[in-house]
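# Per-entry structural report
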Amino acid sequence: MFHPETLKAKAPDLYRVKFVTTHGDFVVEVHRDWAPLGADRLYNLVKNKFFTDNSFYRFSPGFIVQFGVHANPAVTKAWAAATIKDDPVKESNKKGTLTFAMGGPNTRSTDFFINLKDNASLDGMGFSPLGTVTEGMDIVEGLYSGYGEMKGMGAGTGPDQPLVQSQGKAYLDKNFPKLDSIKSATV
């Protein structure tokens, strides 16, 4: 996990990822033709167990639920500069779609979100969905949301993303112990 440059396998045209979480299981069907670079990155992350013990650290009710910061901050740091170019937006950010989070053009790395409603306004901002939840959307919607939006996002009192990145799951477990997390993700 400390050498992102070595994880370059091409994903199948269509594959399914099963996420086993502390709240239950859900499945995402990934379409490589929607976002080839994104689909390849997700495939490599899943195949190499990147998401094990990953927390759903951002839950913005009626908007998105976000994950993808590694439990170990040293791994997060290793992936910080391992960005991929943007894929053109071919599908809309509909409820249940899985999309990369990003901080601007060509900054996608390991952070993802699942849309909790139709968020077509994200399409024009370059957020390119790569798959959709086909089983367990009720599980996704039921992930723990009691901490509210991330700190720094409006009146958010939830986790502080820079601290999640620099301190990893230890920070989340200490300060936000009710957050749900991923036990495993498999293709």
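Criteria and thresholds
Residues numbered from 1 in each chain as written. Predicted model: local features only at pLDDT ≥ 70, side-chain atom pairs only at ≥ 80, totals over all residues. Heavy atoms only, no water. Helix = DSSP H or I, 4+ residues; strand = E, 2+ residues; numbered from the N terminus. Rg over C-alpha atoms; globule rule 2.2 N^0.38 Å. Contact = heavy atoms within 4.5 Å. Lys, Arg positive; Asp, Glu negative; His and termini not counted. Charge placed at Lys NZ, Arg CZ, Asp CG, Glu CD. Salt bridge = Lys/Arg side-chain N within 4 Å of Asp/Glu carboxyl O. Buried < 20%, exposed > 50% of the residue type's maximum accessible area, 1.4 Å probe, protein only. Pairing = 2+ DSSP bridges. Axes fitted to C-alpha atoms, helices over the stretch in contact; angles between N-to-C directions. Phe/Tyr/Trp six-rings, centres within 6.5 Å; stacked < 30°, edge-to-face > 60°.

### Side note on the overall build of the chain
Helix and strand counts for the chain stand at five helices and eight strands. Here the C-alpha radius of gyration of the chain, 15 Å, is about what a compact globule of 187 residues would show, namely 16 Å. By principal-axis analysis of the C-alpha atoms, the chain measures approximately 40 × 35 × 30 Å. Within the chain, residue pairs in contact and separated by at least 24 positions form 68% of the contacts whose partners lie at least 6 positions apart. The averaged location of the 20 negative side-chain charges in the chain is 4 Å from the averaged location of its 21 positive side-chain charges.

### A closer look at the pattern of salt bridges
In the structure shown here, the tally under the stated rule is nine salt bridges. Of the charged contacts in the structure, one is a salt bridge between K169 and D173, with a shortest N-O distance of 2.7 Å. Here the residue K169 and the residue D173 both occupy positions in helix α5 (residues 169-175), the gap between them amounting to four residues, near one helical turn. Residue D173 is classed as partly exposed on the basis of its relative accessible area, which comes to 40%. What emerges from the salt-bridge pattern is a single network uniting D53, K169 and D173.

### As for the sheet that holds strand β6 (residues 112-115)
In space, the eight strands of this open sheet follow the order β3-β4-β6-β5-β7-β2-β1-β8, with antiparallel pairing throughout. Of all strands in the sheet, those bounded by a partner on one side alone are β3 (58-60) and β8 (182-186). The mean angle between the axes of side-by-side strands here comes to 25°, regardless of whether they run parallel or antiparallel. In this structure, strand β4 (residues 64-67) lies alongside β6, joined through four bridges in antiparallel fashion. Looking at the pairing, I64 lines up with N115 of β6. Its contacts with the sheet place helix α1 (residues 36-47) against β1 (14-21), β2 (25-31), β5 (97-100), β6, β7 (129-135) and β8, and it is angled at close to 45° to β1.

### Focus on the packing of aromatic side chains
Enumeration over the complete set of coordinates arrives at 16 aromatic pairs. Ring geometry for F50 versus F51: centroids 5.3 Å apart, planes at 85°, classification edge-to-face. Judged by its relative accessible area of 1%, F50 is buried. Aromatic side chains F51 and F67 sit 5.6 Å apart centroid to centroid with 65° between the ring planes, which places their arrangement in the edge-to-face category. A residue pair is termed long-range when its members are at least 10 positions apart, and F51 in the loop between α1 and β3 and F67 in strand β4 qualify at 16 residues. Here the aromatic residues F19, F26, F50, F51, F56, F67, W79, F100 and F112 are joined through ring pairs into a cluster of three or more.

### A closer look at unusual backbone geometry
In this model, D53 sits at a positive phi of 70°, which is unusual for a non-glycine residue. Tracing the backbone shows D53 in the loop between α1 and β3. Despite not being glycine, N106 has its phi angle at roughly 55°, a positive value. Looking at where N106 falls in the secondary structure, it is placed in the loop between β5 and β6. By relative accessible area, which is 39% here, N106 ends up partly exposed.

### What to know about the environment of G148
Positionally, G148 belongs in the loop between α3 (137-141) and α4 (161-167). Judged by its relative accessible area of 26%, G148 falls in the partly exposed class. Once you skip the residues sitting within four places of it in the chain, G148 turns out to touch F59 and G158.

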